[in-house]
Amino acid sequence: MSELEEKIRKLRKQLLYHAKRYYVDDAPEISDYDYDMMYAELKRLEAEHPEFFDPESPTQRVGGKPLDKFEKVTHTVQMNSLADVFSFEELQDFLDRVSQTVSRPAYSVEPKIDGLSVSLRYENGIFVQGATRGDGFVGEDVTQNLRTVFSIPMSLPEPLNLTVRGEVYMPRQVFEKLNLAREAAGQTLLANPRNAAAGSLRQLDPKIAAERKLDIFVFNFQDGTLYADGSAPQTHKETLDRLAELGFHVLENRIVAESADEIVSHIKRLGELRDSLAYDIDGVVIKIDDLATRRLLGEGTNTPKWAVAYKFPPEQKQTKLEDITVAVGRTGVLTPTAVLTPVRLAGTTVSRATLHNLEFIREKDIRIGDIVTVQKAGDIIPEVVRSHAELRGAGTTLFSMPERCPSCGEPVFYDADEGAATRCTNSRCPAQLSRGIEHFASKDAMNIDGLGPQLVEALLQNGLIADAADLYSLQVDEVAQIDRMGTKSATNLITAIENSKSAGLERLIYALGIRNVGEVAGAALAARYGSLAALQNATVEDLCTVEDFGEVTAQCVVDFFSHPQNRELCERLTEAGVVTVSTAKPTDDLFRGLTFVLTGTLPTLTRDEASERIKAAGGRVSGSVSAKTSFVVAGEAAGSKLTKAQQLGVTVIDEEMLLNMIEQRSVTPTA
Ligand code: AMP
Ligand code: ZN
């Protein structure tokens, strides 16, 4: 072997060793910098000497090409979900149920990692396939992306055939860095590490997935042989210890417990640890340790009978309310926002929370300087739960709404009817104007990429635009002069603006920012009138016959187009070449006549994605549940819509069932 080949081999070996120390053992021996240097050197040598190519090289973890789509994978063993319990009483019910069949069982008590489930298949000790859970039976082949997860061994020390299951997650630090970068680039922030991990794993380009630095905890042995002599493990603990020995990053902080007391105290301990862990956990899984006992208890339809997940209540924290600022929204409503001493909450740092309106602040007796409890609603939007009068010192102050608009200085009006809102009614208010243009450009409206709040502000300040229609006459050199812009980003912006001309009538109507007209109403209006010109001349009477329209919304539409200023805006948009007629193509008719309502956080799809799928299949998406609703698609932390659906007897389905319906081209939901 040449000296060079020797060197390459040695580098590969060292990198693999250090990657394991870092990703699997959590005990790095060298700095990130030194690691990166070694990695760079190996990459250089391999590029110069392709004759020494080796698919096992650490550099090959990101060797794949972008895919068009993910292939389907049928799981050999169903990837089950878990039954949830939310209190120690419910947990006790589970333990009692088990003891009717088994006496004195031992339980593995382990953290429930808040990520997404995957299976990893090895043949002759080589990693051959990784798949998402999907509906439990069929998932997606994400092998390429999983190869970028360094704690997944590409080969095992023994030539075993086996499939394991684990939870892929994004470490909190990685998540925070990613969001900082997104913030700097003016992109929308990711809600939490779980969504970020799910999004990363579903990237078609493995290079992007690699940048996301995902990690995995293996928590189950699904199928195959664990020992070369074919012998089978007896307990879950033995299985996991053996998987660790084979080089997997296995769940940590788990115990085997024999009594309810032991289980509960470990749950409490994990609850205390929760904040200091490098990753998010959303509960504790309690499962029978003995594998023969598991088989005895068996499986339910979707969940095993030998395990439950104890879900933590939403995380709450106390922090100081330093100030209350008031922002003016697109429709002139003044919204108070709490400025908080930054506090870590469910995976992100929270320094602001909405206070809704003056009524909310009065009702909860919230004062500036108070210690308040905050939580994330549905683990996404931070909110103030209560103030602590008992901790109140001197020097707190009562909040009152400003009497004049903080943006334009005109007097504001309190409107007890319209959701207790305080409103600036000046139609030339700069804050309303810039919020309106931001809305016009936003993702769900005209989708002008890169045109965020800061840039809108800068364009207005520099006198380059005065309204949304002015966007279409912007020139590259004008935009390039704005601070920190440069020709390249300016060109990109102009291209994005140009592309938005064909966003379509639905989006355009929504983008105009007519009060009470959201995306759903925008689509209904586009379908009904077919052109902006026709919509402008619609009467209240006629508008009332549009699906889901009441008199209030109808009146809002008529009011909007009665302002000469708004009519002129529409005229100029049309002149600029914005498409103002409906180009709706005939859609699929699978869901024709069916109405869907979405509620809660779905496991893999965003709301928008789910709506898109439903609409693409010819269905309608509505914002509220009524007797006419065909299906409610419920996700995690589903709220009042779910309750209402149950009361009305509307069929409730989950994301998997929805996707199955589309895939199987059936309107009968199956799990
Ligand atoms: P849920 O999705 O809320 O029904 O919870 C079930 C999911 O929790 C499983 O599909 C796994 O992906 C995940 N999970 C995370 N940690 C564990 C663990 N320690 N044991 C079993 N499942 C886990
Ligand atoms: Zn104002």
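For the structure, see preceding data.
Since the model is a prediction, treat every value here as computed from it, not as a measurement.

## Observations regarding the sheet that holds strand 2 (residues 84-85)
Here comes step 1: Pairing in this open sheet of 5 strands is mixed, and the strands run 2-11-10-3-9 from one edge to the other. Each of the sheet's edge strands pairs with one partner strand only, and the pair in question is strand 2 and strand 9 (255-257).
Here comes step 2: Two elements, strand 3 (residues 107-113) and strand 10 (residues 281-288), share 7 bridges in a ladder whose sense is antiparallel. Bridge pairing in strand 10 places Val-109 opposite Ile-286.
Here comes step 3: Contacts from helix 8 (residues 236-245) reach strand 3, strand 9 and strand 10 within the one sheet, and its direction differs from that of strand 3 by about 50 degrees.

## Things to note about the coordination of the zinc ion (ligand 2)
For a metal with four donors in a tetrahedral arrangement, the ideal angle between donors is 109.5 degrees, while six donors in an octahedron ideally sit at 90 or 180 degrees.
Here comes step 1: Summarising the metal site, the zinc ion (ligand 2) is bound by the protein donors Cys-405 (SG), Cys-408 (SG), Cys-424 (SG) and Cys-429 (SG), whose distances to it range over 2.3 to 2.4 Å.
Here comes step 2: Metal-centred angles of 101 to 114 degrees between the 4 donor atoms at the zinc ion (ligand 2) mark the site as tetrahedral.
Here comes step 3: Taking relative accessible area as the criterion, Cys-405 reaches 4% and is therefore assigned buried.

## Looking at the state of the cysteines
Here comes step 1: In the structure shown here, the tally under the stated rule is 0 disulfides.
Here comes step 2: Free cysteine: Cys-556, not disulfide-bonded; nearest cysteine sulfur from Cys-544 at 11 Å.
Here comes step 3: The exposure class of Cys-556 is buried, given its relative accessible area of 14%.

## Here we look at empty space enclosed by the protein
Here comes step 1: Evaluation of the coordinates by the stated rule reveals 2 cavities of 30 Å³ or more.
Here comes step 2: Roughly 40 Å³ of volume is contained in the second largest cavity.
Here comes step 3: Lining the second largest cavity are Leu-16, Pro-55, Glu-56, Ser-57, Pro-58, Gln-60, Arg-61, Arg-147 and Met-154.
Here comes step 4: The residue inventory of the lining of the second largest cavity, partitioned by class, reads 4 nonpolar, 2 polar and 3 charged.

What counts and what doesn't
Residues numbered from 1 in each chain as written. Chains lettered and ligands numbered in written order. Predicted model: local features only at pLDDT ≥ 70, side-chain atom pairs only at ≥ 80, totals over all residues. Heavy atoms only, no water. Pairing = 2+ DSSP bridges. Helix = DSSP H or I, 4+ residues; strand = E, 2+ residues; numbered from the N terminus. Contact = heavy atoms within 4.5 Å. Axes fitted to C-alpha atoms, helices over the stretch in contact; angles between N-to-C directions. Donors = N, O, S within 2.8 Å, 3.2 Å for Na, K, Ca; no water. Tetrahedral: all angles 85-135°; square planar, octahedral: opposite > 155°, others 65-115°. Buried < 20%, exposed > 50% of the residue type's maximum accessible area, 1.4 Å probe, protein only. Disulfide = S-S within 2.5 Å. 1 Å grid on protein atoms, 1.4 Å probe; cavity = no way out; pocket = protein on both sides within 12 Å on 5 of 7 lines; lining within 4 Å. Points joined across faces, edges and corners; volume = space filled by probe spheres on them. Nonpolar A, V, L, I, M, F, W, Y, C, P; charged D, E, K, R; others polar.

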